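# Per-entry structural report
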Amino acid sequence: MRQNTVNDKVACLTLNRPDRLNAWTPRISLEVRDALHAAAGDDAVRVKRR
């Protein structure tokens, strides 16, 4: 999971586990949660997109 960019107040998050075909797992769930929390605390971000 990574936050690629923030453009025009939009944060783009990318699932990056091609070896697992980006399967939804407890681990990725926690990573998405953490990334959304980080984006929520970023004043430069107004929209979160996955």
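A quick note: this is a predicted structure, and the numbers were derived from the prediction, not measured. (Residues numbered from 1 in each chain as written. Predicted model: local features only at pLDDT ≥ 70, side-chain atom pairs only at ≥ 80, totals over all residues. Heavy atoms only, no water.)

### Structural notes on the overall build of the chain
Each helix and strand counted, the chain has one helix and three strands in total. Ordered by position from N to C terminus, the α and β elements of the chain give β-β-α-β. Classification of the 50 residues of the chain by burial places 18% in the buried group. Looking at the chain alone, contacts between residues at least 24 apart form 42% of all its contacts between residues at least 6 apart. As displayed, the chain offers around 3800 Å² of accessible surface, 49% of which is attributable to carbon and sulfur atoms. (Helix = DSSP H or I, 4+ residues; strand = E, 2+ residues; numbered from the N terminus. Buried < 20%, exposed > 50% of the residue type's maximum accessible area, 1.4 Å probe, protein only. Contact = heavy atoms within 4.5 Å. Areas by Shrake-Rupley, 256 points an atom, 1.4 Å probe, with all protein chains shown as cover.)

### Some thoughts on the pattern of salt bridges
Going through the model one piece at a time under the given rule, you end up with two salt bridges. A salt bridge links Arg 27 to Glu 31; the shortest N-O distance between them is 2.8 Å. Of this pair, Arg 27 and Glu 31 both sit in helix H1 (residues 26–40), four residues apart, which is roughly one turn of the helix. Note on Glu 31: relative accessible area 22%, which makes it partly exposed. We note a salt bridge from Asp 34 to Arg 33, for which the minimum N-O separation is 3.1 Å. (Salt bridge = Lys/Arg side-chain N within 4 Å of Asp/Glu carboxyl O.)

### Overview of the side chain of Arg 17
Within the fold, Arg 17 resides in the loop between strand E2 (10–14) and H1. No salt bridge is formed by the buried Arg 17. Its closest oppositely charged neighbour is Asp 19, at 5.4 Å. Not counting chain neighbours up to four residues away, the residues in contact with Arg 17 comprise Asn 22, Thr 25, Arg 27 and Ile 28. (Lys, Arg positive; Asp, Glu negative; His and termini not counted.)

In short, geometric facts, not functional conclusions.
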